Every structure is written in structure tokens, then in C-alpha cells.
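Residues per chain are reported as follows:
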Amino acid sequence: MVLGNYKQVVAARSTDPEILRGSQDGGIVTQLFAYALDAGIIDGAIVAGPSDEPFKPEPMVATTREELMASRGTRYSISPNMELIKEVTRSYGLDKVGIVGTPCQMQAIRKGQLYPVGLRDVPDKIALAIGIFCMENFPYQGILQLVEDHGATKIDNVRKLDIGKGKFWIHTERGATVDLPLKITHKYEQPGCHVCLDYVANLADISTGSVGTPDGWSTIFVRSAKGDDIWAKAIAAGAFETKPIESVKPGIDLVTKLATDKITKNQKYLESRATEYGVGKALRNPYI
Amino acid sequence: MGILESLKTLLFGKHDVSEGKKDEKPEPAAQKTEPVHVAEKPADVIVEKKASIIQEPKEEKPVAEKITVGHVHMSGCTGCLVSFADNYEGLLTILDKYADLVYCLTLADVRHIPEMDVALVEGSVCIQDHLAVEEIIETRKNAKIVVALGACACYGNITRFCRGGQQNQPQHESYLPIGDLIDVDVYIPGCAPTPQQIRNVCVMAYLLLKGNDEQKALAGAYLTPLMNLAKAGTEACGCDIMTQVINQGLCMGCGSCAAACPVRAISMEYGKPQIERDLCIKCGACYAQCPRSFFSFDVVNQYEAIMDAIDGAMQP
Ligand SMILES: Cc1cc2nc3c(=O)[nH]c(=O)nc-3n(C[C@H](O)[C@H](O)[C@H](O)COP(=O)(O)OP(=O)(O)OC[C@H]3O[C@@H](n4cnc5c(N)ncnc54)[C@H](O)[C@@H]3O)c2cc1C
Ligand code: SF4
Ligand code: SF4
Ligand code: SF4
């Protein structure tokens, strides 16, 4: 169950070289939204767009291919995409909403659909929720410290940040690469991530991440009926090149292992919160 | 997912999940007229129901038995009731298939609070108004389940800011959430509570009272967090986001709280909520919406089936 319910898991990458050029892995998110926009499945999507500060994401509503292109790539800092979930149906006027987010943001959206306490008329407008795998996230101040202090690299000169193969990678515009062991990054993780029990966005329509597949490819879980339908149409439209997950290295076992590691560790921490902090006082457990 | 299969059969016998269900919103002009129809219909329904309620097994309706529901109007702006009515044809479906509206000053011609399964109470209680105090006590006596409908009933909300001295009842200045006077079973926070949240609670309350064991279990699981809110107290504020989420090491910066706030008191700064406390009207929506206030995997993992079932239940 650490991988959630899914109808199929597959390795894939976008067939659009322009999308692939700036995307983090197989360009799955950008390609799926671009296809869904073209096909009229969504009117637009809430994505993590660029902001005034380098690598600091800012939630944004993309209604054109150009705007989607501007949001390609992972920004390893908090992008509160749910912040726009009501506004997108109001001043932006979208009826069929796409949204990308981390597993916790997928939880937020599904809770919001079942318990729309403050989300009037939103629940029926979610047309495509794409989840991205996530081990942890960092406040922007943490990213600055990792890149500038530990990595001794000016953030303005960074082309791409990546976490993979047990390291935090900083690629600069001039081609240099700095890597930091993940041991260093842990103290910069946001505390809320340590109670998180989802690695592969179990509640998304379609979820994707790099783990499990070779560089430039992505692992994709097709989960909901809606996701299944859209994925089939996107494949039929030639949007993706796919390979059976069994045929690629390192494969699904690594995804299962990392998901199990994350959930086990965080479950243990959650339990410790009930006792660790003093005499008979428990910290709150959000999961009932 | 046996629960949901049987839930679907109970709700509509034959099951048809219309995935591509076209958005049912007519153009704005048409929408505006809807509540007017709605306002007339339930009254009709009640009149004909009066007879049939007393009689036993009815027509060939697929639904076993209806529950009885009342809307009790305390000091509120009627926005909660309007929000209920904003389910448009959904409201008619609810009244047609699942619930008889046995009390509602605005829509039904019944003067005294009758016995009922579910009382939806809107508004807080003005304790200088003796009639209001009597009515809320009466409501508790006569209703199996008391639901605080909307933020005024749950938390006082905007009525917290009353200072009295107004025309034509200058002594009316103290407004209490109903939970300060009676036991409350379920909270629906929000100003106004959303049509979809009210709808979901109605369907779940119906299942809780009339469903089979599995359905009761699902409805119980769904309603538990809203019951827990009712147990947790009668005060809400944007500060709950700080004290109950961030201070507890639970916030992960999703932004749901900011989206939920009806007065835009919350903005996201560097990935965390920043609350403009003077703007806050104390409606409780932010905290209830936060996935780190309560989150039940048992319920949310079944979101797809539950939403299909509710959708189906709302078909006329
Ligand atoms: C904080 C974080 C941690 C991650 N951890 C892992 C991991 O442990 N293992 C793994 O396999 N994958 C992880 N990923 C996912 C991975 O980095 C890629 O984002 C994913 O594979 C999608 O790549 P793509 O080429 O398909 O998408 P692209 O086409 O490049 O598009 C990426 C999309 O993600 C959105 N996005 C970027 N940053 C954020 C953000 N901070 N919050 C929300 N949305 C964002 C963008 O708006 C864009 O729409 C993580 C991502 C994030 C943001
Ligand atoms: S680790 Fe969990 S809580 Fe943290 S950003 Fe990722 S999905 Fe959200
Ligand atoms: S909804 Fe909760 S977890 Fe999300 S940003 Fe607000 S306080 Fe944090
Ligand atoms: S901050 Fe906004 S949502 Fe939260 S209680 Fe105040 S008014 Fe309501």
C-alpha cells in the first residue's frame, strides 16, 4: 500500500523536444498539461511558476503553452499551489482546473473535495490533478543556505537543482556541478514533512517522479478513472514515448523501497510525538 | 470497495456514474432565478408530505425512508440557508428523496419547533432574547442530531463583533455560539458554509440514520471529524493556524487555509500562512480546511467512490 492504488505504472517521457529541454525529468507534467489544454480537458493549470527570486516558486495559473513552458522544472521549495484553488475558478474563470503538486497538496485537494469547508463550487471543477513524488521540501531560506553557504555558489548562477542518487546537485550556468551529501540537507527540511505519510502522491489522478527510471525518463502511476482516461488519450495522441517499467533500471523496486523508508521513518516520528516531548503531553496527530 | 457499491445501490438502485457530466451551471441570468423556484418548491413538498409522512410504506421510491430535517434560524443572516438552497436542483433532490423539511421559518409554514432527526441551526444565540434561548433548548430536546450550520452557530463568527445599542433592540449585544448553551453534534464551519459541504453532510447524515451497517460506518467515518470539531469548542480564529498547525510542527505550506478564507485574511509568505488578524472574522474555515487539522485516510483514500456516490445521489 505504500504506492497507493493505481491502474498501471509505466516509464515514459515526452515526445516534444522543446518540453524536454527545460523539464526536470521526462517532462511528464508539462506535456500532460499541454496536451490536456489542447484537447480541452482543462482550461488551465495551477503550477509552480517563477518569481522575482531565483528558484523560489510562486503559484501561478497557466492558461497557455508559453506559461506552462515557463513553469517547467522542479523548484525545491514550497509552492503553495492550493492557495489559488478557489481564485482559479473566480477571477481566472476556469471551469476545468488542472493542478500539479506534491503528495501533501494532493491530500489537500481531495480533502477539499470531500470537505469543501471554504471552497465553494470548487470540488466539481478539478479536471486533472498531477502529483509529483516527494521525499521532503525546503523553505526558501534553506535552499539559499544550501546553495550559497554549503555549495559556495551564487544562486543567480544556478541552472538546475536536483536531488538524486543520494545527493543534492547544483548545476551552474557555466557547466560546473556541485554536489552535497543529503546528510547536510536534512536540517533544512521543513518540519511539516516529517509527519508526511505519502511518497508517490497516492491521491493524484496521475503521479510522476524520476525515481525508478533512467535519466531523462519518468515513472508514472495512472491512478483514478479520470487519470486513466486522460492518459489513454494522451498516449493515443502521441504525446509520450513509453516503456514497460519492468524493462528499465533501477525499476519499481527502488520506488517501493524509498516509499517504505519514508513512511516508516515518519510513522515512527509521529508516534514519538505522542510521548517524547515531556510528561504526558502529546503533540497533535492530524491523522484520525 | 464493497461499502461504496452497496451505498450506490441503496442510493439509486441502478447505478450510472456519468463521468463526463457536463457542468450543470446555466448562464448567470438563469442561475439568479433558481433560488426563487427553490424557495417555492419545498413548501409544496412539505404540504403533500404532511399526509404521506404519517402513512407508512409509500410509493415505489428506491429510497427506504426519509429523514426529517429542520432549519432553525437564530441570529444569522440567512446566508447559510441561501447556501443550502444554492444546491439548486440538488436541494430539490435532497427534499424529494432523502429529507422532509419539517421546520423552516423561511420555507415551511410551521411555527413551533417539532421533533426531527436533524436540526440545522443557523446563527448564534442572543442571550438577551429569551425566545431565542428557549428555542435553542427546545431544538436540543426535539432533534436527534443538532448540526451547527455555519460559522455563527459554530463559533460566533461575525456576531462576535456585536456591541449592542442598535435599533430597534439596543439591549441585544451578547451572542453565543450554540455550543455554549446546548450540546452540539456536528459542526459545518465557514461563512457562508458551502453548498457542497452542506450537501455532503446531508447525504452522510441520511446514511448514518437510514443506511445499512456498512453505510453507517462510512457515514460515521466521514462525520467524525466534524463531530470532533463540535467537541473541540466554540472559539475559532485564524490564530488556530498558528497555534494548532504551525506551532505543532505540522504545516507543510499547501495554501489551503489561504484559499478557504472568505475575507482574504491569509496570505502565503515564503511558503507559510501569514494571518492578518484584524481582518479575521473568526469563521473557522481555514483550520477546518487545512489537511493537517484532520485527515482521515479511511475516508479520503476512497474519495473517488464517495464523490461518485454523492454525485449519483444528487441525480433527480
Ligand atoms: C519538493 C520536491 C521534492 C521532490 N522529491 C522527489 C523525489 O524524492 N523523488 C522523485 O522521483 N521525484 C521527486 N520530485 C519530483 C521531480 O523532481 C519532478 O518534479 C517530477 O519528476 C516531474 O518532472 P517532469 O519532468 O515530469 O515535470 P516538468 O515538466 O519539469 O514540470 C514540473 C512541474 O512541477 C511543478 N513544480 C515545480 N516545483 C514545484 C514545487 N515546489 N511544488 C509544486 N509543484 C512544483 C512545476 O510547476 C511544473 O509544472 C520532487 C519534486 C519536488 C517539488
Ligand atoms: S514531504 Fe510530504 S509534506 Fe513535505 S512537501 Fe513532500 S509531500 Fe508535502
Ligand atoms: S492549510 Fe494547513 S498545512 Fe496548508 S499552509 Fe495552511 S496551515 Fe499550512
Ligand atoms: S483567518 Fe479567515 S478563514 Fe480563518 S477564521 Fe479568520 S476569517 Fe475565517
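Quick caveat, the model's predicted, so the values are computed rather than measured.

Criteria and thresholds
Residues numbered from 1 in each chain as written. Chains lettered and ligands numbered in written order. Predicted model: local features only at pLDDT ≥ 70, side-chain atom pairs only at ≥ 80, totals over all residues. Heavy atoms only, no water. Helix = DSSP H or I, 4+ residues; strand = E, 2+ residues; numbered from the N terminus. Rg over C-alpha atoms; globule rule 2.2 N^0.38 Å. Buried < 20%, exposed > 50% of the residue type's maximum accessible area, 1.4 Å probe, protein only. Contact = heavy atoms within 4.5 Å. Areas by Shrake-Rupley, 256 points an atom, 1.4 Å probe, with all protein chains shown as cover. Lys, Arg positive; Asp, Glu negative; His and termini not counted. Charge placed at Lys NZ, Arg CZ, Asp CG, Glu CD. Near = heavy atom within 4 Å. Nonpolar A, V, L, I, M, F, W, Y, C, P; charged D, E, K, R; others polar. Phe/Tyr/Trp six-rings, centres within 6.5 Å; stacked < 30°, edge-to-face > 60°. Lys NZ or Arg CZ within 6 Å of the ring centre and 35° of its normal. Buried area = accessible area lost by both parts, 1.4 Å probe. Salt bridge = Lys/Arg side-chain N within 4 Å of Asp/Glu carboxyl O. Domains from an automatic or database assignment. Polar contact = N/O pair within 3.5 Å; in protein donor to acceptor, adjacent residues only side chain to side chain.

Peer 1: Before we go on, may I ask you to explain the overall build of chain A in this structure?
Peer 2: Check the secondary structure of chain A and you find 8 helices and 11 strands. The C-alpha radius of gyration computed for chain A amounts to 19 Å, which stays within 12% of the reference 19 Å derived for 288 residues, consistent with globular compactness. For chain A, the spread of C-alpha atoms along the three principal axes comes to 55 × 50 × 40 Å. The proportion of buried residues among the 288 residues of chain A is 57%. A separation of at least 24 residues holds for 66% of the contacts in chain A among residues at least 6 apart in sequence. By element, 52% of the accessible surface of chain A is carried by carbon and sulfur atoms, the whole surface being about 11800 Å². Within chain A, the 34 negative side-chain charges are centred at a point lying 4 Å from the centre of the 34 positive side-chain charges.

Peer 1: Can you help me understand the overall build of chain B in this one?
Peer 2: When you go through chain B residue by residue, the secondary structure sums to 13 helices and 9 strands. The 316 residues of chain B split such that 53% are buried. If you take every contact in chain B between residues at least 6 apart in sequence, the share linking residues at least 24 apart comes to 77%. Accessible surface, chain B as shown: approximately 14000 Å² in total, 54% of it carbon and sulfur.

Peer 1: Just checking my understanding: could you explain the site of ligand 3 for this structure?
Peer 2: All names here are of chain B. In the region of ligand 3, 13 residues are neighbours, and C251, C254, G255, C257 and C290 sit closest. Counting residues per element, the ones that place at least two in the shell around ligand 3 are α9 (239-246) and α10 (256-260). Grouping the constituent residues of the shell around ligand 3 by class yields 10 nonpolar, 3 polar and no charged.

Peer 1: I'm lost on the side chain of S71 of chain A in this one. Help?
Peer 2: Residue and element names in this part refer to chain A. Structurally, the position occupied by S71 is in the loop between α3 (65-70) and β4 (97-101). On the accessibility criterion, S71 (11% relative accessible area) is buried. In contact with S71, other than residues within four places in its own chain, are V47, A48, G49 and M60.

Peer 1: Explanation requested: the packing of aromatic side chains in the structure shown.
Peer 2: The description of an aromatic ring pair rests on the distance of the ring centres and on the angle between the ring planes. With the rule as written, the count across this model stands at 14 aromatic pairs over all chains. Seen in terms of ring centroids, Y115 of chain A and F294 of chain B are 5.3 Å apart; in terms of plane orientation they differ by 85°. Their pairing is edge-to-face. Here Y115 of chain A is found in the loop between α4 (103-114) and β5 (126-132), whereas its partner F294 of chain B is found in the loop between α11 (285-289) and α12 (297-300) on a different chain. Side by side, Y115 of chain A and F294 of chain B carry an identical accessibility label, which is buried. Over the ring of Y270 of chain B we find K56 of chain A, and its NZ or CZ is 4.8 Å from the ring centre. Looking at K111 of chain A, its charged tip hangs above the ring of F294 of chain B, at a distance of 3.5 Å from the centre.

Peer 1: Looking at this structure, I do not really get the interface of chain A and chain B. What am I missing?
Peer 2: Where interface size is given, it is often the accessible area lost as the parts come together that is meant. In this assembly, 50 residues from chain A lie in contact with 59 residues from chain B. Both sides of the chain A and chain B interface together cover about 4800 Å² of buried area, and 55% of this is carbon and sulfur. A salt bridge links E87 of chain A to R264 of chain B, with the nearest nitrogen and oxygen atoms 3.2 Å apart. For the side of chain A that touches chain B, the secondary-structure elements that each account for two or more residues are α4, α5 (140-150) and α7 (225-236) of chain A.

Peer 1: Quick question: what am I supposed to make of the domain arrangement of chain A here?
Peer 2: Residues and elements named next belong to chain A. You can read the domains of chain A as domain 1 (8-134 + 198-275) and domain 2 (138-188). Centre-to-centre, using C-alpha coordinates, domain 1 lies 23 Å away from domain 2. Counting residues at the interface gives 10 residues for domain 1, matched by 13 residues for domain 2. Counting the surface lost from both domain 1 and domain 2, the interface buries some 1100 Å², and carbon and sulfur atoms represent 56% of this. In terms of surface lost to domain 2, no three residues of domain 1 exceed P54, F55 and Y76, which account for 59% of the buried area on that side. At the junction of domain 1 and domain 2, the tally comes to 1 salt bridge. Our enumeration of links across domain 1 and domain 2 arrives at 10 residue pairs in polar contact (both at pLDDT 80 or more).

Peer 1: Can you walk me through the site of ligand 1 in this structure?
Peer 2: All names here are of chain A. Close to ligand 1 lie 31 residues; D25, T30, A48, T74 and R75 are nearest. Q24 is positioned such that a nitrogen or oxygen atom in its backbone is 2.8 Å from an oxygen atom of ligand 1. Residue S71 places a main-chain N or O atom 3.3 Å away from an oxygen atom belonging to ligand 1. For ligand 1, the protein covers 98% of the area, taking 900 Å² as the surface of the free molecule. Where the shell around ligand 1 is concerned, the elements lending two or more residues are α2 (28-38) and β2 (44-49). Looking at which element gives the most residues to the shell around ligand 1, the answer is α2, with 3 residues. Residue classes in the shell around ligand 1 are distributed as 12 nonpolar, 15 polar and 4 charged.

Peer 1: Help me understand the domain arrangement of chain B in this model?
Peer 2: Residues and elements named next belong to chain B. Domain annotation of chain B identifies domain 1 (65-235 + 295-313) and domain 2 (239-289). Opposite the 10 residues of domain 1 that make contact, domain 2 presents 10 residues. Of all residues in domain 1, N157, F161 and C191 give up the largest surface area on contact with domain 2, accounting jointly for 44% of the area buried on that side. The interface formed by domain 1 and domain 2 includes 1 residue pair in polar contact (both at pLDDT 80 or more).

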